[in-house]
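This is what each chain is made of:
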Amino acid sequence: ETIWLYRRTFRVPALAAGERAWLVFERLDLAATVFLNGREAGRHANAFHPLRIDVTRDLREGDNTVVVEVESGLFSVSERPWQGYGNGEDGRLHKRHWLRKPQSSFSWDWSQRLINVGITGGVSLEIARQVRVDTMVVVSGVSGAGRPGEVTGRMLVEGLAEGPVEGVMSLEVAGTGRRAEVPVTIAAGMNRIEGRLALPDPELWWPRGHGAQPLYTVQAALRLGGTVVYEGERRVGFRHVRLNQDPHPEDGTWFVVEVNGKPIFCKGANLVPADYVFARLDRPRYAGLVDRAIEANANLLRVWGGGLYESDAFYDLCDERGILVWQEFIFACSKYPATDEAFLADVTREATHQVRRLAHHASLLLWCGNNELEWGCYSWGYERGVSYPDYAIFHQVLPRVLKAEDGSRIYHPSSPYSPGHEHPNADHTGDQHPWSVGFANTDFREYRRMSCRFPNEGGIMGPCALPTVRACLAGDETIGSFAWDVHENSIAFGCRTDRMLSQWLGLEAEGMGLADWVYRAGLLQGLGLNEYIRNFRRRMFHSASAIFWMYNDCWPMVRSWTIVDYYLRRTPAFHPVRRAFAPLTVAIAVEEDRVCVFGINEGDNRHGTVRYGLFALAGGFPREYREDVCLPANASTRIGAFPLADWHALGEATHGAFAILEQEGREVAREVFLLPFYKDMAWPRATVSVESRRGKAVFRCDTFAWRVCVDLDGERAYPDNFFDLLPGVPYELPWPGELGPPRVLRVGNLAGDRSGHV
């Protein structure tokens with residue numbers, strides 16, 4: 001709610017004959033008026049595309065003064081209507097649907113209302129004559145597996161001379177000897193010139209876990225006569241992407257991402273802006289986020305439609321490290337005033353700029369029109385007032401921009417979205433946001449019955465890492481204090497109780513120590529996300545993703561949906577997610593009257609042995625089976641089963657199901673499956689021993705030890721955390737010396753000291 005003025009004096013020589021000059025602002029946030037030497041030079045109100053002002057007339061030799069008057073956008077839309085645009089009472093405060101800046105900065109359940117304002121990108125003065133290259137775009141790919149690679153290089157060039165100018169555009173793939181030159185004629189005004197070339201047998205780019213990520217440098221230049229007036233380069237990868245939405249043999253349609261002809265099960269989470277001060281987002285911070293995703297065995301991040309078009313550094317890192325990007329245009333949970341001609345034109349400029357900017361990135365899987373707007377049209381009472389003011393944006397404007405400026409990318413109108421006349425969140429077609437669990441309903445056992453084609457938003461709340469929670473509280477470690485409430489998720493704040501602790505564990509947060517709360521609440525979030533992920537992975541490819549809400553935070557919180565907090569610390573749910581995303585793992589499910597074990601294998605064919613059955617919490621294995629198994633490549637396979645009646649007969653409160661997958665006598669995965677609420681189980685005491693030898697740590701317990709915790713800080717890369725010990729079965733982990741002696745901090749068994757202390 002403050003208007004800022006930035007002032008800068010700079011010196012320039014006199015422009016030569018025929019030269020023109022532009023002031024270029026990479027990013028202004030948000031409503032800005034630019035003055036040069038006392039005269040208004042231009043106005044801008046979009047944080048998602050740059051401002052370029054022709055200042056040839058007002059620029060003078062010697063000293064020049066530029067002044068930028070900028071405000072957050074609140075003043076600029078103060079007289080705009082808010083009724084009918086789906087923002088409720090908050091719409092009166094900010095009218096965010098009019099403001100082209102990150103929507104989450106106007107508050108969400110996981111973010112405060114902290115609205116950026118200022119010059120948040122670089123500023124430059126550009127001088128050119130004859131021509132000015134506005135944008136360079138490179139699109140690459142292969143038409144199918146084993147086909148030649150194709151590169152299209154495109155320049156948007158402004159002709160500055162009165163008549164046409166002749167030149168040559170060159171295109172080259174560095175290190176391959178492949179080069180093309182195209183004669184071009186540049187008329188006055190904006191021109192679109194392009195060249196193409198083929199690469200006979202490029203190495204293919206693959207998502208992480210399915211192959212390598214070779215990148216090629218494409219160099220482009222524009223020459224006028226013998227003078228090079230522009231040179232640029234982009235790194236590209238060659239891959240073919242198809243979104244398989246063919247009819248499903250049972251019901252609806254498939255929704256399977258295929259890269260280079262191979263189905264890819266998409267594992268990951270939703271990325272939100274990683275800092276409230278967007279100017280602080282640099283390559284090291286993005287590198288930390290991408291590294292944590294890789295550590296968690298993810299292969300996709302969804303750039304959610306209420307945040308940012310991220311910086312070049314983020315997409316570069318995803319290209320290099322094989323992380324697919326589901327990219328959304330920045331529209332979320334509202335209705336937008338597309339019936340306003342100026343708004344629609346600005347959105348079109350924004351989309352055009354962003355599609356051109358990101359077109360060369362191999363990691364960019366698809367463009368999605370928005371977050372949940374299609375769902376809103378069906379289910380959020382939009383029949384009243386302005387019903388569908390923005391429908392044309394997502395079904396006409398954006399797909400046309402994408403086709404014209406890229407042409408190689410998949411377009412998905414909304415998330416969730418169902419083709420045809422189905423409800424947008426229908427389970428059997430399109431993508432889904434399975435939020436029937438996570439808000440009012442926190443019985444995450446209900447995930448076990450879900451069969452969604454492509455779930456890409458759903459989750460369970462839990463605490464951040466212990467040092468992050470402490471940083472929020474400024475020395476007062478009282479749960480529910482004022483400092484706590486300021487840094488609390490607003491949904492949890494509204495509940496005013498830790499419902500899950502009571503529901504699942506029979507515990508109350510009141511009077512609980514802070515570390516105890518982080519452990520217990522984190523234990524539950526990890527179990528909930530484990531249920532979400534393993535349920536969908538075992539259904540591979542009837543379900544073709546397990547993408548949860550959400551990956552990271554924008555500021556320090558005591559509780560969020562994340563597995564990586566604001567300080568890039570691993571939350572207590574991180575390692576359960578990492579194990580659930582492992583390329584080779586097992587899952588357990590109840591199907592009708594059978595307890596079934598599934599082997600999930602993303603690699604080549606694997607052979608091994610599976611041990612499975614029932615164990616007694618107090619010790620012993622009354623039902624145990626052992627089978628040699630073959631796990632087919634890139635598939636989930638049922639590898640074992642036994643009667644559910646056996647479990648009922650032994651007692652659900654005293655017994656659990658287990659599965660251990662071994663290869664060459666070495667354990668590679670284990671899973672435990674329990675039926676009741678945990679507070680209703682007959683928990684034995686657990687005494688865990690740990691032995692360290694030759695760079696390894698071996699954990700043992702004679703009884704079942706539930707969710708053994710070795711760290712609550714989340715700062716170092718432990719080999720595992722929040723894991724289970726089966727009675728008498730050792731669990732061996734690599735243990736580098738820099739971690740110090742292995743120690744057990746807490747065990748989850750609800751017996752004796754219910755805090756989990758050991």
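Nothing here was measured: the structure is a model prediction, and the numbers come from that model.

**Quick word on the pairing of strand 35 (residues 655-663)**
Where burial is concerned, most of strand 35 is hidden: nine out of the nine residues are buried. Neither face of strand 35 is exposed, since His655, Ala657, Ala659, Leu661 and Gln663 on one face and Gly656, Phe658, Ile660 and Glu662 on the opposite face are all buried. Bridge analysis of strand 32 (residues 606-616) against strand 35 gives eight bridges, and the strand direction is antiparallel. Of the residues in strand 35, the one forming a bridge with Gly613 is Phe658. Sheet topology places strand 35 next to strand 36 (residues 666-673); seven bridges connect them, and they run antiparallel. From the neighbouring strand, Ala657 faces strand 36, where its bridge partner is Phe673. Count of turn residues in the strand 35/strand 36 antiparallel hairpin: two residues, of which Glu664 carries a positive phi of about 50°.

**Structural notes on the pattern of salt bridges**
Per the stated rule, a full pass over the model turns up 54 salt bridges. Of the charged contacts, one joins Glu531 and Arg448 as a salt bridge, the two residues approaching to 2.6 Å between their closest N and O atoms. Here Glu531, found in helix 11 (residues 514-538), pairs with Arg448, found in the loop between strand 26 (410-412) and strand 27 (462-463); they are 83 residues apart in sequence, far enough to count as distant. For Arg448, a relative accessible area of 17% gives the class buried. Because the salt bridges share partners, they merge into one network encompassing Arg20, Arg52, Asp54, Glu126, Arg132, Asp134 and Glu158.

**With respect to the packing of helix 7 (residues 466-473) against helix 11**
At a minimum axis separation of 10 Å, helix 7 and helix 11 run at an interaxial angle of 130°. Between helix 7 and helix 11, the crossing angle belongs to the class labelled oblique. With respect to the hand of their crossing, helix 7 and helix 11 are arranged in right-handed fashion. Contact residues: Leu466, Val469, Arg470 and Leu473 in helix 7; Leu514, Ala515 and Val518 in helix 11. Residues that form the contact of helix 7 with helix 11 fall into these classes: six nonpolar, no polar and one charged.

**With respect to the packing of helix 2 (residues 283-295) against helix 3 (residues 312-321)**
Relative to each other, helix 2 and helix 3 sit at 35°, their axes nearing to 9 Å. Taken as a pair, helix 2 and helix 3 cross one another with a handedness that is right-handed. Here Arg283, Tyr286, Ala287, Val290, Asp291 and Ile294 of helix 2 lie close against helix 3, whose contacting residues are Ala313, Phe314, Asp316, Leu317, Cys318, Glu320 and Arg321. Its residues placed into classes, the contact of helix 2 with helix 3 shows eight nonpolar, no polar and five charged.

Cut-offs and rules
Residues take numbers from 1 onward in each chain, read along the sequence in its written order. For a predicted model such as this one, the threshold for reporting local features is a pLDDT of at least 70, and the threshold for listing and counting side-chain atom pairs is 80 or more; totals across whole chains, interfaces and linings nevertheless cover every residue. Values reported for side chains reflect all heavy atoms of the structure, with hydrogen atoms and water molecules removed beforehand. Residue exposure (1.4 Å probe, protein chains only): buried if accessible area is under 20% of the type maximum, exposed if over 50%, otherwise partly exposed. Starting at the N terminus, helices and strands are each numbered in turn, a helix being any DSSP run of H or I of at least four residues and a strand any DSSP run of E of at least two. Two strands pair under a simple rule: DSSP has to find at least two bridges between them. One side-chain nitrogen of Lys or Arg within 4 Å of one carboxyl oxygen of Asp or Glu is enough to make a salt bridge. What counts as an axis is a line fitted to C-alpha atoms, over the stretch in contact for a helix, and the angles between N-to-C directions run from 0 to 180 degrees. Angles are sorted into four bins: roughly parallel if under 35 degrees, roughly antiparallel if over 145, roughly perpendicular if 65 to 115, and oblique for all others. With the far helix as reference, a near helix turned anticlockwise by less than a right angle produces a left-handed crossing, and one turned clockwise produces a right-handed crossing. For this analysis, residues touch if any pair of their heavy atoms sits within 4.5 Å. Three classes are used: nonpolar for Ala, Val, Leu, Ile, Met, Phe, Trp, Tyr, Cys and Pro, charged for Asp, Glu, Lys and Arg, and polar for all others, with Gly counted as polar.

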